[in-house]
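Okay, here's what each chain looks like letter by letter:
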Amino acid sequence: MESTTCSNTTGTATGGVSAWSMTDSELTTALLDNATQLNQLQGRRVELIREADARNVGVAAGAANTQQWVAGLLHVTTAEAGGLVKLARHLDADLPATTAALQAGEISLDHARVVSKTVHLLPSEVSTPELRARVDATLAEEAKTFDAKTLHTVGNHVLDNIDPDLADHVLEKKLKREEARAHRDRFFRMGWDETTGTWRVAGRLPKVVGERLKLVLDPLAAPQSGPDGRDTRTPEQRYADAIGEACRRLLADQLVPSHGGNPTQLVVTVTRTGGRTLHTGIELSRKLVEQLMCEADLTYLVKPEDQPGRVSLLTDTQQRLFQGKLRRLLELRDGGCAFPGCDRPPGWCHAHHVVPWSKGGPTTRDNGVLLCGYHHRLIHQGAWQVRIALDGLPEFLPPDWIDLQRRPLRHHRLTPAA
């Protein structure tokens with residue numbers, strides 16, 4: 001019966017026998033022979049291109065240069081033709097060991113490209129003919145063992161094996177250049193986008209500054225348990241929230257320089273007509289203002305409508321903030337963020353008024369609860385509600401799309417008083 005399997009043949013170890021009829025051993029040998037022949041043919045192609053380039057055959061045939069001539073002759077892209085021409089020139093000029101290994105079929109054209117790139121990228125101040133020859137010989141030998149991708153990694157550290165002292169010198173100079181360029185090119189820019197109602201941020205930071213920022217933001221951006229037990233924010237959203245939390249802590253602890261002689265602070269102006277604006281004129285929603293007011297130090301500046309030139313200062317005689325012993329009581333009671341499933345410690349939490357201060361809610365233990373920034377925002381969005389139960393512990397009412405009966409939930413660390 002006639003076979004319909006592959007009828008490719010090989011011209012070496014099996015003498016033109018069809019591939020389907022070979023034993024496993026013969027097939028393996030034939031495949032290795034085929035790889036060697038392919039490498040030799042690639043080496044031969046590069047050799048022919050180099051000779052044609054030296055004779056200017058392409059220009060004589062009417063092409064603008066050898067690259068254009070090769071692209072047209074071999075029906076390859078201009079980029080591929082250019083790569084072949086450059087490689088051919090470099091092999092001929094600087095890479096005798098790689099050229100010999102390619103012509104012998106011991107390495108592939110991809111290996112040769114890696115060696116060429118590695119030698120080409122040697123720093124000019126150390127790239128002597130002797131060093132290029134040593135790198136060429138070392139990588140040509142390594143290419144017989146490793147694939148092209150691994151060889152690229154080996155090439156990145158080739159000086160470590162050839163001349164460790166020189167490698168250290170080259171690395172030091174490279175790092176100094178990088179750091180000087182990073183310092184020169186550093187920038188940070190932010191601007192208000194009226195169209196989207198957001199701040200747009202762009203920047204480029206030196207490595208140490210970026211590392212410090214990452215160390216600050218990483219713990220603040222760690223996932224938090226949401227209403228369904230998981231954090232639904234994207235990593236980018238978590239880091240945006242972390243920036244806000246880091247800035248809040250800096251301002252709260254007065255760790256930033258004064259502004260116009262006063263402690264640096266976020267200023268929200270609320271007018272009788274309902275306007276709510278930041279110092280920069282940006283308008284805020286009522287919900288966001290209520291959230292900010294949970295830990296805000298309120299100062300009232302009164303400007304009478306009939307006497308606009310007489311601005312007076314009123315102070316609040318009641319305690320506005322959860323501070324001192326009162327804050328400590330909340331920390332001891334809640335042990336951190338009180339939202340079910342959240343593991344944020346007390347130091348990461350805001351003190352939230354269960355009944356808002358703006359609506360007459362007092363600053364007392366039985367009207368306060370600790371919430372991390374994420375769950376603080378969640379409560380102010382209104383779907384979830386928090387209350388203090390009869391036993392004095394906070395509990396949360398889920399929205400009806402989670403539980404139609406809205407049965408109260410508690411954090412596992414909060415147990416009823418004995």
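Rules used throughout
Residues numbered from 1 in each chain as written. Predicted model: local features only at pLDDT ≥ 70, side-chain atom pairs only at ≥ 80, totals over all residues. Heavy atoms only, no water. Helix = DSSP H or I, 4+ residues; strand = E, 2+ residues; numbered from the N terminus. Buried < 20%, exposed > 50% of the residue type's maximum accessible area, 1.4 Å probe, protein only. Contact = heavy atoms within 4.5 Å. Areas by Shrake-Rupley, 256 points an atom, 1.4 Å probe, with all protein chains shown as cover. Patch = residues over 30% accessible without salt bridge, like charges linked within 9 Å, V, L, I, M, F, W, Y side chains within 5 Å. Salt bridge = Lys/Arg side-chain N within 4 Å of Asp/Glu carboxyl O. Polar contact = N/O pair within 3.5 Å; in protein donor to acceptor, adjacent residues only side chain to side chain. Phe/Tyr/Trp six-rings, centres within 6.5 Å; stacked < 30°, edge-to-face > 60°. Lys NZ or Arg CZ within 6 Å of the ring centre and 35° of its normal. Disulfide = S-S within 2.5 Å. Axes fitted to C-alpha atoms, helices over the stretch in contact; angles between N-to-C directions. Parallel < 35°, antiparallel > 145°, perpendicular 65-115°, else oblique. Nonpolar A, V, L, I, M, F, W, Y, C, P; charged D, E, K, R; others polar. pLDDT = per-residue confidence, 0-100.

Within the protein, the regular secondary structure consists of 15 helices and ten strands. Per-residue burial over the protein gives 32% buried out of 418 residues. Excluding contacts between residues fewer than 6 apart, the proportion of contacts in the protein whose partners are at least 24 apart in sequence is 49%. Element-wise, carbon and sulfur atoms account for 54% of the exposed surface of the protein, whose accessible area totals about 26600 Å².

Our focus in this paragraph is a nonpolar patch on the surface. There is a patch of nonpolar side chains on the surface, built from Phe188, Met190, Trp199, Val201, Leu205, Val209 and Leu213 and spanning about 670 Å² of accessible area. Within the residue set of the nonpolar patch, elements represented by two or more residues are strand 1 (187–193), strand 2 (198–204) and helix 11 (207–220). If you trace the backbone, Phe188 turns up in strand 1.

Quick look at the side chain of Thr99 now. Topologically, Thr99 is positioned in helix 5 (residues 96–103). A polar contact is formed between the side chain of Thr99 and the backbone oxygen of Leu91, at a distance of 3.2 Å.

A full pass over the atoms with the stated rule returns three aromatic pairs. A ring pair is formed by Trp192 and Trp199, whose centres lie 5.4 Å apart and whose planes are at 65°; its orientation type is edge-to-face. When its relative accessible area of 30% is taken as the criterion, Trp192 is described as partly exposed. By way of ring pairs, the aromatic residues Phe339, Trp384 and Phe396 are connected into one cluster. Positioned above the aromatic ring of Tyr374 is the side chain of Arg233, whose terminal nitrogen or guanidinium carbon lies 4.5 Å from the ring centre.

Our focus in this paragraph is the state of the cysteines. In total, this model carries zero disulfides according to the counting rule given. Note on Cys337: no disulfide assigned, nearest cysteine sulfur contributed by Cys342 at a separation of 3.7 Å. On the accessibility criterion, Cys337 (0% relative accessible area) is buried.

Each pair of packed helices can be described by the angle between their axes along with the distance between the axes. Interaxial distance between helix 5 and helix 7 (residues 129–142) falls to 7 Å at its minimum, and their mutual angle equals 25°. Here helix 5 is positioned roughly parallel relative to helix 7, judged by the angle of their axes. Counting all contacts with helix 5, which are made through Pro96, Ala97 and Thr98, the residues of helix 7 involved are Asp136, Ala137 and Ala140. Taken together, the residues of the contact of helix 5 with helix 7 sort by class into four nonpolar, one polar and one charged.

Before going further, it helps to spend a moment on the environment of Glu331. Following the sequence through the fold, Glu331 ends up in helix 14 (residues 324–334). Residues Glu331 and Val369 lie 38 residues apart in sequence; the distance between their C-alpha atoms is 8.8 Å. When sequence neighbours within four positions are dropped, the list of residues in contact with Glu331 reads Gly336, Pro346 and Leu370.

A separate point is the confidence of the model for the protein. With 79% of its residues at a pLDDT of 70 or more, the protein shows a mean pLDDT of 82. Mean pLDDT across the secondary structure elements of the protein bottoms out at strand 6 (residues 312–314), with 45, and peaks at helix 5, with 96. Residue range residues 1–14 is modelled with pLDDT below 50. Its contacts to residues more than four positions away, or to other chains, number 22 contacts. Taken together, the stretch residues 308–317 has pLDDT below 50 and engages in 18 contacts with residues farther than four places along the chain or on a different chain.

This model, assessed by the stated rule, comprises 27 salt bridges. Put simply, Asp334 and Arg333 hold a salt bridge, and the shortest N to O gap is 2.7 Å. According to the relative accessible area criterion, Asp334 is buried, its value standing at 0%. For Arg333, a relative accessible area of 15% translates into the label buried. Between Asp391 and Arg410 there is a salt bridge whose closest N-O contact spans 2.9 Å. Highlighted residues: Asp391 in the loop between strand 9 (385–388) and strand 10 (394–397) and Arg410 in the segment after strand 10, separated in sequence by 19 residues. For Asp391, a relative accessible area of 31% translates into the label partly exposed. In this structure, a network of salt bridges that share partners links the residues Arg50, Asp53, Arg89 and Asp92.

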